[in-house]
Amino acid sequence: MAAPTTQHLPAGKVHDDFAAWASTNGIKISKVKIAAIPNAGIGIVATEDIKAGESLVFTPSASLLTREVISEVLPSLSHITLKHGKERTTHELRTHALIAVGLAIKSYHKQKPWQDVWPSYESFREYMPLLWDTAKQELLPPSALLHLNKQKEKFESDFKKVKELGFTVTRDEYAHNWVIVNTRTLFYKPPTYNDVPREDCMCLCPFIDYFNHCDVGCKVERDAKGFTVTSDREYKAGEQIFVSYGPHNNDFLLCEYGFILDNNRWDEVNIDNYILPRLKPAHQNYLKGEGFLGGYVFDSSTFCFRTQVALRISFILPVPTPTSVRLLRWRQFIEGVDDGAREEVGVQEVFKSIIGQIKFRADEVLAELDDLQESEKDITTTSTSLDQTIRSRWEQILGVVEQLERTWQ
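Residues numbered from 1 in each chain as written. Predicted model: local features only at pLDDT ≥ 70, side-chain atom pairs only at ≥ 80, totals over all residues. Heavy atoms only, no water.

Participant: If you had to explain a negative patch on the surface to someone new, which residues and values would you point to?
Facilitator: There is a patch of like negative charges on the surface, built from Glu122, Glu126, Asp172 and Glu173. Along the polypeptide, glutamate 126 turns up in the loop between helix H5 (121-125) and helix H6 (134-137). (Patch = residues over 30% accessible without salt bridge, like charges linked within 9 Å, V, L, I, M, F, W, Y side chains within 5 Å. Areas by Shrake-Rupley, 256 points an atom, 1.4 Å probe, with all protein chains shown as cover. Salt bridge = Lys/Arg side-chain N within 4 Å of Asp/Glu carboxyl O. Lys, Arg positive; Asp, Glu negative; His and termini not counted. Charge placed at Lys NZ, Arg CZ, Asp CG, Glu CD. Helix = DSSP H or I, 4+ residues; strand = E, 2+ residues; numbered from the N terminus.)

Participant: Any details on the pattern of salt bridges? Residues and values, ideally.
Facilitator: As enumerated under the stated definition, the model contains 20 salt bridges in all. Among the salt bridges present, the one from aspartate 133 reaches arginine 125, with a minimum N-O distance of 3.9 Å. Overall, aspartate 133 belongs to the partly exposed group, its relative accessible area being 48%. Among the ionic pairs, arginine 331 bridges to glutamate 290, the shortest N-O distance being 2.7 Å. Remark: glutamate 290 occurs in helix H11 (residues 281-290) and arginine 331 occurs in helix H13 (residues 325-335); sequence separation between them is 41 residues. In this structure glutamate 290 comes out as partly exposed when scored by relative accessible area, which is 32%. One salt-bridge network, held together by shared partners, links Arg94, Asp158 and Glu199. (Buried < 20%, exposed > 50% of the residue type's maximum accessible area, 1.4 Å probe, protein only.)

Participant: Just give me the short version of the packing of aromatic side chains, but keep the residues and values in it.
Facilitator: Summed over the entire model, instances satisfying the criterion amount to 20 aromatic pairs. Geometrically, the ring pair formed by phenylalanine 155 and tryptophan 178 is edge-to-face, given 5.5 Å between the ring centres and 85 degrees between the ring planes. Here tryptophan 178 lies in helix H8 (residues 171-184) and phenylalanine 155 lies in helix H7 (residues 142-164), a separation of 23 residues in the sequence. Both residues of the pair, phenylalanine 155 and tryptophan 178, belong to the buried class. With a centroid separation of 5.5 Å and 80 degrees between ring planes, the pair formed by tyrosine 188 and tyrosine 193 is classed as edge-to-face. The class for tyrosine 193 is buried, based on a relative accessible area of 4%. Among the aromatic residues, ring-to-ring pairing joins Phe18, Trp21, Phe207 and Tyr210 into one connected group. (Phe/Tyr/Trp six-rings, centres within 6.5 Å; stacked < 30°, edge-to-face > 60°.)

Participant: Requested: an account of the sheet that holds strand E11 (residues 226-230), with residues and values cited.
Facilitator: Pairing is mixed in the open sheet, where five strands are placed in the order E2-E5-E11-E10-E12. Because the sheet does not close on itself, it has two edges, and the strands there are strand E2 (28-29) and strand E12 (242-243). Both E2 and strand E5 (residues 55-60) contribute to a ladder of two bridges, which runs antiparallel. Directly across from isoleucine 29, in E5, lies its bridge partner valine 57. (Pairing = 2+ DSSP bridges.)

In structure tokens:
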């Protein structure tokens, strides 16, 4: 949690101009202000003592940047017809992709004071792994790289469709605005979105997008009138005020938002890349059928139950038939009827092997970062910042491993 008082500085003229614009455009701001916070960028701090349950910020629905708003200002596309005669339209773009292209081609001219405070492309390159060079990306822990690769697939798919639809935009221009959308959206599902997939239920929300993340933070709620931030507890004047982006581990936070928390109650390490290669296709089919395929993690106290389930079926060789006794026993383990004692020694051996591989890779990367630190002394601070982020995440994972190992003693 934050200290009683957060050291902060004036945010700067561009942020002051935005705050003034917001106040005159229907955004209600009470007892808080935008501030520059050392080592944490820009955030929100209390200007006076706040009680629990106070409304701090209200942003009206008319100020939201949504799919519908962007669709209204996009230029008409040239008719693109597929071979089977169906005409292509922007409806095939995900909300994320649509808003990003609208911003990238500068077809949205409203709310300029808000757009002026969004980070530059070069600023994002300092902390968003999606925009790093491949060599830097590959130094990330496998758990972070797994998430990053999925994110890269989404970006590449969106950019490909945008180009196919005829939009004139460079890769860097699109990536910049794609990341703006990625880091600043709120979940948004009005009544008209009944059949809209969850991942397309998003909008950008001025002023509320300034709040930084913490494990536990203020409530962010939406009704027909707009979004409201309500204090979750008492705050002292000068204290930074947070909201929670959700129960996310640090690999997710790093890839999606560009930061990691020093203390994250939700932190865990994904090990899909260690478990999935052990599984035969038939094993994976059984796991998929039971809802246990993928999502294998460990934290400071244990390996998750999903991992236990996956490893136990991997030991059944040759691959079992649906009526085999060993498969029945495996299903009983899932149901809690069988304690899995027969496989426990093998499971523990795999756990220790995975931990050993993680520690070995950590040693490799940390040594490489030490060498880079020597060779990059006279190079830009951007590279140094990236290296420190990578180092910090690896050190966090080693800390989780160390605590886990203590539970085995």
